[in-house]
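These are the residues of each chain, in order.
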Amino acid sequence: MNTRILKTVFLFFIALNFSCKQNKSEATLAEYKYADQPETISCDPATDKLMKEALYSFENDIINIYDPNGKNKLRAYRSFVNNAVANRVDIANMMSKQTKAVFDVLKTKTDLWDGTALNYNSDLVKCLSNNMQDQNLKTTFNALVSTNSMTKQLFGPALRSNTSYTRDPYLQTFLALDYYYAKMFELDFTQVDLEANEAKQQTNSKIDFNKKPQLAPKRDLQSFKTSKPDDHAGHNH
């Protein structure tokens, strides 16, 4: 085998190896279930679609756990925030298959994470904080990040006294990433029953919220008028 052929084979294997590594790092979802939903954030065209899917899948999970009957977004968010700040969110028993699929892609975005924690200095988080709608919350957020003091315990009180998370997709995306997906790094997925979670969500989605409850049978008014009172009522024998 001459030198030219050897060089060609060598370059081929280098290119193949690079392609494999690139495909591994650029994992993508097999399905975007929420592609038809309204757009959310606009930070990076390369990840905006993924972040949109991450947000809607997160919201689906918390609504099915915290308000499965009323499907009230504010109530679900409020319950989630209160429980997350107190570290009482049982992610293993609420996440759907789509949420797990989203997490599998999110965790490959190495610049988004500081180990297994959200990287508050990443370009994405900076975009989220810069676009938060509530100025007081934004000021608190940036102050905590700039002093390396950002924790759920310190940021939690500001969140609890604010309801802008029901209408601000940038804040919502931050909550989904930091308070939900980041916690999945701690899970042992061999112990997570996604099938059971999925079945529970499907049951909740089949509830007929327009169905009126049955009323007690009406008492016949005429029989009530003609009925005789008990002559012994009120007497002590």
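Cut-offs used in this document
- Residue numbers run consecutively from 1 along every chain, following the written order of its sequence.
- Where totals are concerned, whole chains, interfaces and linings use all residues; where local detail is concerned, this predicted model gives features only for residues with pLDDT of at least 70, and gives and counts side-chain atom pairs only at 80 or more.
- To obtain the side-chain values, all non-hydrogen atoms of the structure were used and water was disregarded.
- In this description a helix means any DSSP run of H or I spanning at least four residues, a strand means any run of E spanning at least two, and both kinds are numbered starting from the N terminus.
- Only protein chains enter the accessibility calculation, which uses a 1.4 Å probe; a residue is then buried when its area is under 20% of its type maximum, exposed when over 50%, and partly exposed in between.
- Positive charges come from Lys and Arg, negative ones from Asp and Glu, while His and the chain ends are left out of the count.
- The salt bridge definition used is simple: a Lys or Arg side-chain nitrogen within 4 Å of an Asp or Glu carboxyl oxygen.
- Contact definition: two residues touch when any of their heavy atoms are within 4.5 Å.
- Confidence scores per residue from the predictor, reported as pLDDT, run from 0 to 100.
- In this description, a line fitted to the C-alpha atoms serves as the axis of each element, helices being fitted only across the stretch in contact, and the angle between N-to-C directions of two axes falls anywhere from 0 to 180 degrees.
- A clockwise turn of the near helix away from the far one marks a right-handed crossing, whereas an anticlockwise turn of less than a right angle marks a left-handed crossing.
- We call Asp, Glu, Lys and Arg charged. Ala, Val, Leu, Ile, Met, Phe, Trp, Tyr, Cys and Pro are nonpolar, and the rest, Gly among them, are polar.

Structurally, D61 can be placed in helix α2 (residues 48-66). Buried and without a salt bridge, D61 has K33 as its closest oppositely charged side chain, separated by 8.0 Å. With sequence-adjacent residues up to four places away left out, D61 is seen in contact with M94, M95, S96, T99, Y180 and Q201.

A word on the confidence of the model for the chain. Detailed reading of the predicted model is not advised wherever pLDDT is low. When pLDDT is averaged along the chain, the result is 82, and 75% of the positions lie at 70 or above. The least confident element of the chain, judged by mean pLDDT, is helix α1 (residues 3-25) at 44; the most confident is helix α8 (residues 169-181) at 98. For the stretch residues 6-25, pLDDT sits under 50, and the model shows four contacts to residues farther than four places along the chain or on other chains. Residue range residues 207-221 is modelled with pLDDT below 50. Its contacts to residues more than four positions away, or to other chains, number eight contacts.

What follows deals with the packing of helix α7 (residues 152-160) against α8. Two numbers describe how α7 lies on α8: the axes approach to 14 Å, and their chain directions differ by 145°. Considering how the two elements wind past one another, α7 and α8 form a crossing that is left-handed. Of α8, the residues touching α7 (which contributes K152, F155 and L159) are L171, F174, L175, D178 and Y179. Taken together, the residues that form the contact of α7 with α8 break down as six nonpolar, no polar and two charged.

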